[in-house]
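Understanding the architecture of this molecule
Residue strings, one per chain:
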Amino acid sequence: MKNEHPKFWSTPTGWAALVLIAAATYFLIFEHGQHVLQFLPYLILLLCPLMHVFMHGSHGKHGHDHSHAPDEKKEESFQELTDKNAAYRDGYIQGLEEGRKESHKKENSDE
């Protein structure tokens, strides 16, 4: 037996909310359509953050228990990360120096 609460929209309160939203939408569109249409571009822009909040709300809440699964991704130690960053930095500096040498060669050959 699951001990989960039902989704809000499947409860009687959710159904009542859907009916009220539908009625408000009907009256806004058909009775006050001229007033609402001028705000349509702003309503579309408002939908972006609302969709982001409501559609991403269930991430990470899938009810899976991963405690028994082995940890596939090993965390790197601080020293390993430092070594990687140092190697990246050294390669970047070497690339800059080579680029400068090539640009000096071009400038010297153009003169």
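Residues numbered from 1 in each chain as written. Predicted model: local features only at pLDDT ≥ 70, side-chain atom pairs only at ≥ 80, totals over all residues. Heavy atoms only, no water.

Considering the overall build of the protein chain
If you tally the helices and strands in the protein chain, you get 4 helices and 0 strands. Roughly 11,200 Å² of accessible area belongs to the protein chain as shown, and the carbon and sulfur atoms make up 63% of that amount. (Helix = DSSP H or I, 4+ residues; strand = E, 2+ residues; numbered from the N terminus. Areas by Shrake-Rupley, 256 points an atom, 1.4 Å probe, with all protein chains shown as cover.)

Considering the pattern of salt bridges
Enumeration according to the criterion identifies 1 salt bridge in this entry. We note a salt bridge from lysine 84 to glutamate 76, for which the minimum N-O separation is 2.5 Å. Take lysine 84: its relative accessible area is 49%, and that puts it in the partly exposed class. With relative accessibility at 35%, the residue glutamate 76 sits in the partly exposed group. (Salt bridge = Lys/Arg side-chain N within 4 Å of Asp/Glu carboxyl O. Buried < 20%, exposed > 50% of the residue type's maximum accessible area, 1.4 Å probe, protein only.)

Section: the packing of aromatic side chains
For the structure shown, the criterion picks out 3 aromatic pairs. Their ring planes at 75° and their centres at 4.9 Å tell us that phenylalanine 8 and tryptophan 9 sit as a pair that is edge-to-face. According to the relative accessible area criterion, phenylalanine 8 is partly exposed, its value standing at 43%. With 5.2 Å between their ring centres and 75° between their planes, tyrosine 26 and phenylalanine 27 make a pair best called edge-to-face. Looking at tyrosine 26, the relative accessible area reads 42%, which means it is partly exposed. Its relative accessible area of 46% is what places phenylalanine 27 among the partly exposed residues. Joined through ring pairs, the aromatic side chains of Tyr26, Phe27 and Phe30 make up one cluster. (Phe/Tyr/Trp six-rings, centres within 6.5 Å; stacked < 30°, edge-to-face > 60°.)

Here we look at the UniProt feature "transmembrane region" (unreviewed entry) in the protein chain
UniProt tags residues 12-30 and 36-55 as "transmembrane region" (unreviewed entry). In this annotation, residues 12-30 is assigned 100% helix and 0% strand; the end-to-end C-alpha distance for the span is 27 Å. Between the first and last C-alpha atoms of residues 36-55 the distance is 25 Å; the span itself is 90% helix and 0% strand. (UniProt positions renumbered as here; feature names shortened; annotations may be inferred.)

Concerning the confidence of the model for the protein chain
Per-residue pLDDT for the protein chain averages 81, and the proportion of residues at 70 or more is 81%. When mean pLDDT is compared element by element in the protein chain, helix α1 (residues 12-31) scores highest at 91, while helix α2 (residues 33-37) scores lowest at 81. (pLDDT = per-residue confidence, 0-100.)

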